[in-house]
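Observations on the three-dimensional arrangement
Letter by letter, the chains look like this.
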Amino acid sequence: QVQLVESGGGLVQAGGSLRLSCGASGDVTRINNMAWYRQAPGKQRELVATITSDGSTNYADSLKGRFTISRDKGKSMVYLEMNNLKPEDTGVYYCNCKWMMWDYWGQGTQVTVSS
């Protein structure tokens, strides 16, 4: 099993940037893909970006060019660099990993973008 802990959320003005971090602990050698999801108030959780164990990335179409996912396997970390933030980016951001056949989630970190 693994545990995921996110950090880096906060309040930022529109146009600003934030970098989210997620640290994995436990049996990290069996982690495959990692991802970031987000959930805005009153909406369903949605995929933001994924990164495979070999570093291939995929993004939600609406976020391409503003968000960048990266991974440091040696440190069992995954990051989400968010630029030119908009009020509609407000929500709770969750780290996710695929461990063998199971999904694991962090507790989430709040991102609030003010206009």
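Preceding block: the structure.
Reading the values: the criteria
- Residues numbered from 1 in each chain as written.
- Predicted model: local features only at pLDDT ≥ 70, side-chain atom pairs only at ≥ 80, totals over all residues.
- Heavy atoms only, no water.
- Helix = DSSP H or I, 4+ residues; strand = E, 2+ residues; numbered from the N terminus.
- Contact = heavy atoms within 4.5 Å.
- Disulfide = S-S within 2.5 Å.
- Buried < 20%, exposed > 50% of the residue type's maximum accessible area, 1.4 Å probe, protein only.

Notes on the environment of Y37
- Here Y37 shows up in strand 4 (residues 31-39).
- C-alpha of Y37 to C-alpha of W105: the two residues are 68 residues apart in sequence and 9.6 Å apart in space.
- Ignoring any residue separated from it by four or fewer positions in sequence, one finds Y37 in contact with R45, E46, L47, V48, V92, Y93, Y94, N96 and W105.

As for the state of the cysteines
- Applying the stated criterion to the full structure yields one disulfide.
- The disulfide partner of C22 is C95, and the gap between their sulfur atoms is 2.1 Å. For the disulfide bridge between C22 and C95, the dihedral angle about the S-S bond is near -80°, and by the sign convention the bridge is left-handed. In this pair, C22 is assigned in strand 3 (residues 18-26) and C95 in strand 9 (residues 91-99), connecting sequence segments 73 residues apart. Each member of the pair C22 and C95 is classed as buried.
- C95 supplies the cysteine sulfur nearest to C97, a cysteine that is in no disulfide, at a spacing of 6.8 Å.
- Classification of C97 as buried rests on a relative accessible area of 0%.

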